[in-house]
Amino acid sequence: MGADCEAINIVTVNKVKPKMPEMNTLYDLSDFFKVMGDGTRIQLLWALEESEMCVGDLAVLLNMTKSAVSHQLKVLRTAKLVKAFKKGKNVYYSLNDAHVKTILEMALDHIRE
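So, here is what we can say about the structure in this document. Predicted, not measured: the structure shown is a model, and the values here were computed from it. (Residues numbered from 1 in each chain as written. Predicted model: local features only at pLDDT ≥ 70, side-chain atom pairs only at ≥ 80, totals over all residues. Heavy atoms only, no water.)

**Regarding a negative patch on the surface**
Where like charges cluster on the molecular surface, the negative patch consists of Glu50, Glu105, Asp109 and Glu113. As for its placement among the helices and strands, Glu50 is situated in helix H3 (residues 39-50). For Glu50, a relative accessible area of 60% corresponds to the exposed category. (Patch = residues over 30% accessible without salt bridge, like charges linked within 9 Å, V, L, I, M, F, W, Y side chains within 5 Å. Areas by Shrake-Rupley, 256 points an atom, 1.4 Å probe, with all protein chains shown as cover. Salt bridge = Lys/Arg side-chain N within 4 Å of Asp/Glu carboxyl O. Lys, Arg positive; Asp, Glu negative; His and termini not counted. Charge placed at Lys NZ, Arg CZ, Asp CG, Glu CD. Helix = DSSP H or I, 4+ residues; strand = E, 2+ residues; numbered from the N terminus. Buried < 20%, exposed > 50% of the residue type's maximum accessible area, 1.4 Å probe, protein only.)

**Description of the nonpolar core**
Ranked by size, the top nonpolar core spans 20 residues in total, and within it Leu45, Leu48, Leu58, Leu73, Leu76 and Val82 carry the most contacts. Contributing elements (two or more residues each) for this core: helix H2 (23-36), H3, helix H4 (55-62), helix H5 (66-78), strand S3 (90-95) and helix H6 (98-112). (Core = buried A, V, L, I, M, F, W, Y, C linked by side-chain atoms within 4.5 Å.)

**Regarding the sheet that holds strand S2 (residues 82-87)**
With antiparallel pairing, the three strands of this open sheet are ordered in space as S1-S3-S2. Looking along the sheet, the strands with just one partner apiece sit at the ends: strand S1 (53-54) and S2. In the packing of H3 onto the sheet, contacts are made with S1, S2 and S3, and the angle to S3 comes to roughly 95°. (Pairing = 2+ DSSP bridges. Contact = heavy atoms within 4.5 Å. Axes fitted to C-alpha atoms, helices over the stretch in contact; angles between N-to-C directions.)

**A closer look at the packing of aromatic side chains**
If you walk through the whole model with that rule in mind, you get two aromatic pairs. Between Phe32 and Phe33 the ring centres are 5.1 Å apart and the planes differ by 80°, which places this aromatic pair in the edge-to-face class. Given the relative accessible area of 48%, Phe33 is considered partly exposed. Between Phe85 and Tyr92, the ring centres sit 6.4 Å apart and the planes meet at 25°, which makes this aromatic pair stacked. The partly exposed category is assigned to Phe85, whose relative accessible area is 26%. The ring of Tyr92 carries the charged tip of Lys87 above its face, separated from the ring centre by 5.1 Å. (Phe/Tyr/Trp six-rings, centres within 6.5 Å; stacked < 30°, edge-to-face > 60°. Lys NZ or Arg CZ within 6 Å of the ring centre and 35° of its normal.)

**Remarks on the environment of Val69**
Secondary-structure assignment places Val69 in helix H5. Residue Val69 is classed as buried on the basis of its relative accessible area, which comes to 0%. Taking the C-alpha atoms as reference points, Val69 and Leu44, 25 residues apart in sequence, are found 8.2 Å from one another. Excluding its chain neighbours within four sequence positions, the residues that come into contact with Val69 are Leu44, Val55, Leu58, Ala59 and Met64.

**What to know about the packing of H4 against H5**
Contact geometry of H4 with H5 gives a least axis separation of 9 Å together with a crossing angle of 110°. With respect to their mutual orientation, H4 and H5 come out roughly perpendicular. Contact residues: H4 offers Val55, Gly56, Leu58 and Ala59, while H5 offers Lys66, Val69, Ser70 and Leu73. Among the residues forming the contact of H4 with H5, the class breakdown is five nonpolar, two polar and one charged. (Parallel < 35°, antiparallel > 145°, perpendicular 65-115°, else oblique. Nonpolar A, V, L, I, M, F, W, Y, C, P; charged D, E, K, R; others polar.)

These results come straight from atomic positions and should not be treated as a statement about function.
Set out below in structure tokens:
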């Protein structure tokens with residue numbers, strides 16, 4: 001793949017180029033934002049930022065079917081944004097780590113500016 005133009009500021013290009021992440025890493029980052037870019041999943045993440053919850057409670061909160069919530073939670077688990085754990089007979093979900101909460105809060109701050 002080649003560019004169809006020459007650099008205007010080659011010094012800047014040469015300074016930035018080594019700081020660019022690997023292409024596969026950038027694709028993974030893009031996939032991460034695709035997962036985060038779904039309105040239902042954002043609602044689930046926001047609810048789980050407030051409290052760990054089970055599928056039934058999330059379904060009631062978001063006025064969705066348990067099946068639909070479970071499907072979206074599976075996507076979030078695969079992307080390592082949420083984790084699941086058993087409490088008695090129920091499976092509860094929570095954010096996977098503090099990074100997820102930070103990303104949500106920073107994004108909200110950004111759109112509120």
